[in-house]
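# Overview (structure and organization)
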Amino acid sequence: MKRRNHLSRLALSATAALVGVLVAGCGTTVPLQTRQYVYGGGNQAVNNGLGNGSDGLGGTTTIGGGQPTSPAGGGGTTLPTGVPTTGSSGNGPVSTVGPTGVSTSGGRTSPATHPGKVNTGYDAVPATGPGWDAHNVYIGVTTVNDIGTVATAIGLKSANPGNQVKDGAAMIAELNREGGLFGRRVVLAPEDFSTASMLVNPQQDASQACTHFTQDRPVIAVWNTLTPLDIPTFRACFAQAHVPLLSGSIAPTDTAALNELHGYAISVISPSFTDLAPTLVARLKAQHFFTGWNVVAGAPGNAPVKVGIIAKNDPTGARAAGLLSSALARAGYAPTAQFNYTTGASGTTSNLSSAVLQFRSRGITHVFSTDNGYAAFLSQANSQHYYPRSAISTFDTPELLEKNAPLKELAGALGFGSAPSIDVDTAQDPGYITPAEKTCLVAQQKLQSYTGLRFAVAIGLEYCDAFRLIRMAALTSGGLTGPDLVRGLQGGGPSYVPSITFGSGLHTNDFALPGVGRDLAFESKCQCFAYTSKTNYPFGVG
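So, here's what we can say about the structure. (Residues numbered from 1 in each chain as written. Predicted model: local features only at pLDDT ≥ 70, side-chain atom pairs only at ≥ 80, totals over all residues. Heavy atoms only, no water.)

## Description of unusual backbone geometry
- Phi angles above zero are rare outside glycine, and Phe182 is one such case at about 55 degrees.
- By secondary structure assignment, the location of Phe182 is in the loop between α3 (164-177) and β7 (185-193).
- The phi torsion at Thr397 lies on the positive side, around 50 degrees, for a residue other than glycine.
- Looking at Thr397, the relative accessible area reads 3%, which means it is buried. (Helix = DSSP H or I, 4+ residues; strand = E, 2+ residues; numbered from the N terminus. Buried < 20%, exposed > 50% of the residue type's maximum accessible area, 1.4 Å probe, protein only.)

Here it is, written out as structure tokens:
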């Protein structure tokens, strides 16, 4: 019994660190040689493919043996010849030149209005370039192979990510069955990291990854699956190299931070806190979240509402907390306290017991968090018999919370979620939320079964969206360079149909894929999180 309790406490205290690795698309227990390449499908031509054309792919291209050909019927898609990016954030109007060479002023622009036919044939791009050659196009991906073993060792439940090598291979096979890119085969170029190394020295690993994908093995784009690497210097490195970085990280981000990178950082799973904060607060108010609460009983009570915020003690945490504080103040619930937690060398939170003491002494009844560090806070709160009401979002990984956090701590929790496979368990799944979700799951499960592996579903879907976005961007813009892909993401993003979230939030000056969400609540009957309606609410509406 003592051993079991010890593992339970360890699991909760380490959840912030490990979930940060896991939700971003951790690794697999199947050995993967660093720098090996994974090739997908065969030589056949397939029309449209994933999403049945709803993601703007279109056309048919033959790959493999023989001479590559352009899409059937001279196909392609139509879009503006120039798609602008934002200027730098700061005081007053600043003119800059974005990836497309379009001059911007004051950080906001209007799309160019000159449509042109996009050539997606073999000869549409140079024979070779950064990240492609005459036969192949390379896409980079970060992996961590030991995380499943680590999670099991500390007793973290419902965290089996499935086989990530097969996730990548399945998507590469689908893209190649659709015709690859510009008559070339798409090839996966993975780079592996260890959990211990990332948690102890993420700066070093982030620098290594950027050097590898921009110099040692150049790729057209990178799919980063690891939250610990997703730090400002990591994003800036790829932006400076003009290599688009698609992120599965659940680290908080905001519109200004993404805009400063001119479209070279795209958040696949995390909404912008700029858009999330006002919507989260508004939806909580509509759900009557801000009512009296008894923190001893963990139930409705007479104590006046006092709000506290938990945030990581770093620049991104500070920005997210600032946006959340502003939204709360506008709604009439200005925070009474904010606690900025730190992480130790092992990646675990180190001072959240102090947060509990501070919040209790200041009469905090309702608690918000900006990231997945909330699991460790709940563990400390439970040990001190403190049960505030929790505001929950996808950043808190609700489905993992219900499996690993003390259930009494979740009583009365309400929130807003944008990714079903992260928000709710299989029994509460709302069904296929888009046609792309069904198509992606069928494609992924050709190589592995997700039966009983809820977390693996989330990993597979974010993989699917990342690769579909890269292909959509290339075929929309008619090119493979970094500026081409950024232009394509902005041009095709608004009509893109995602698989992991309810709707796209991508458009000019907005580089986070989640665009809508649903009300979420912890239900006492099932002791689980569930969506309380089928109504989708757009982000950014306060």
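## What about helix α14 (residues 435-444)?
- For α14, every residue scored as buried is listed here: Ala436, Glu437, Cys440, Leu441, Ala443 and Gln444. Buried residues along α14 cover an arc of 160 degrees about the axis, so they all sit on one side.
- Close packing links the buried residues of α14 with α3 and α15 (454-477). (Arc of directions from axis to C-beta. Contact = heavy atoms within 4.5 Å.)

## Side note on the state of the cysteines
- This structure, assessed with the given rule, holds 3 disulfides.
- Note on cysteine connectivity: Cys440 is disulfide-linked to Cys464, with sulfurs 1.9 Å apart. Its torsion about the S-S bond being -65 degrees, the disulfide of Cys440 and Cys464 is classed as left-handed. Here Cys440, found in helix α14, pairs with Cys464, found in helix α15; they are 24 residues apart in sequence, far enough to count as distant. (Disulfide = S-S within 2.5 Å.)

## Let's talk about the packing of aromatic side chains
- Per the counting criterion, the structure on display carries 13 aromatic pairs.
- Chaining the aromatic ring pairs together yields one cluster made of Phe289, Phe290, Tyr333 and Phe368.
- Between the NZ or CZ atom of Arg217 and the centre of the ring of Tyr138, over which it lies, the distance is 3.8 Å.
- Just above the ring of Tyr387 sits the side chain of Lys408; from NZ or CZ to the centre is 4.3 Å. (Phe/Tyr/Trp six-rings, centres within 6.5 Å; stacked < 30°, edge-to-face > 60°. Lys NZ or Arg CZ within 6 Å of the ring centre and 35° of its normal.)

## Digging into the packing of α3 against α15
- Running from amino to carboxyl end, α3 crosses α15 at an angle of 35 degrees, the nearest separation of the two axes being 10 Å. The way α3 lies across α15 gives a crossing that is right-handed. Residues Gln164, Asp167, Gly168, Met171, Ile172 and Leu175 of α3 touch α15, and the partners they reach there are Ile459, Gly460, Tyr463, Cys464, Phe467, Arg468 and Arg471.
- For the contact of α3 with α15, the residue count by class is 7 nonpolar, 3 polar and 3 charged. (Axes fitted to C-alpha atoms, helices over the stretch in contact; angles between N-to-C directions. Left-handed = near helix turned anticlockwise from the far one by under 90°. Nonpolar A, V, L, I, M, F, W, Y, C, P; charged D, E, K, R; others polar.)

## Overview of the pairing of strand β14 (residues 337-341)
- The alternating pattern of β14 places Ala337, Phe339 and Tyr341 on a buried face, while none of Gln338 and Asn340, on the opposite face, is buried.
- Bridging between strand β13 (residues 307-312) and β14 involves 5 bridges; their strand directions are parallel. Within β14, the position partnered with Lys312 by the bridge is Tyr341. (Pairing = 2+ DSSP bridges.)

## Some thoughts on the pattern of salt bridges
- Scanning the entire structure with this criterion turns up 12 salt bridges.
- One salt-bridge network, held together by shared partners, links Glu399, Glu402, Lys403 and Asp425. (Salt bridge = Lys/Arg side-chain N within 4 Å of Asp/Glu carboxyl O.)

## Re the nonpolar core
- Leu181, Ile220, Trp223, Leu246, Phe467, Leu469 and Leu480 are the most contacted members of the largest nonpolar core, which totals 49 residues.
- Those elements that place two or more of their residues in this core are β6 (136-144), α3, β7, β8 (221-224), α14, α15 and α16 (482-492).
- In terms of residues, this core owes the most to one element, α15, which gives 16 residues.
- In this structure, Leu246 is in contact with Ala221, Val222, Trp223, Asn224, Ile266, Val268, Ala466, Leu469 and Ile470, ignoring residues within four places of it in sequence.
- If you look at the next biggest cluster of nonpolar residues, it comprises 32 residues, including Trp293, Ala381, Ala405 and Tyr531. (Core = buried A, V, L, I, M, F, W, Y, C linked by side-chain atoms within 4.5 Å.)

## Some remarks on the environment of Thr343
- Within the secondary structure, Thr343 is located in the loop between β14 and α10 (352-361).
- Assessed through its relative accessible area of 35%, Thr343 is described here as partly exposed.
- Taking the C-alpha atoms as reference, Thr343 lies 9.3 Å from Leu199; in sequence the two are 144 residues apart.

## As for the pairing of strand β16 (residues 389-393)
- Burial of β16 is extensive: 5 of the 5 residues sit out of reach of the surface.
- Side chains Arg389, Ala391 and Ser393 project from β16 onto one buried face, and the interleaved Ser390 and Ile392 project onto a second face that is buried too.
- Handedness of the β-α-β unit built from strand β15 (residues 366-369), helix α11 (residues 374-383) and β16 comes out right-handed.
- Bridge count for β16 against strand β17 (residues 414-417) is 3 bridges, and the pairing is parallel. Note on β17: the bridge partner recorded for Ser393 is Phe416.
- Considered for its hand, the β-α-β crossover made up of β16, helix α12 (residues 398-404) and β17 is right-handed. (Right-handed = clockwise from strand over helix to strand, strands pointing away.)

## Quick look at the environment of Gly503
- In this structure, Gly503 sits in the loop between α16 and β18 (516-523).
- The sequence separation of Gly503 and Gly515 amounts to 12 residues, and the corresponding C-alpha distance is 5.4 Å.
- Setting aside residues up to four positions removed in sequence, Gly503 forms contacts with Pro498, Leu513, Pro514, Gly515 and Val516.

## Some words on helix α9 (residues 315-330)
- Spanning 16 residues, α9 covers 23 Å between terminal C-alpha atoms, matching the ideal 22 Å at 1.5 Å per step.
- The complete set of buried residues in α9 reads Gly317, Ala320, Ala321, Leu324, Ser325, Ala327 and Leu328. Mapping the buried residues of α9 onto a view down its axis gives an arc of 165 degrees, with all of them on the same face. Within α9, the exposed residues directed more than 90 degrees away from the buried face are Pro315 and Arg330.
- Positive backbone phi, approximately 95 degrees, marks Gly332, located one or two places after α9. (Expected span 1.5 Å × (residues − 1).)

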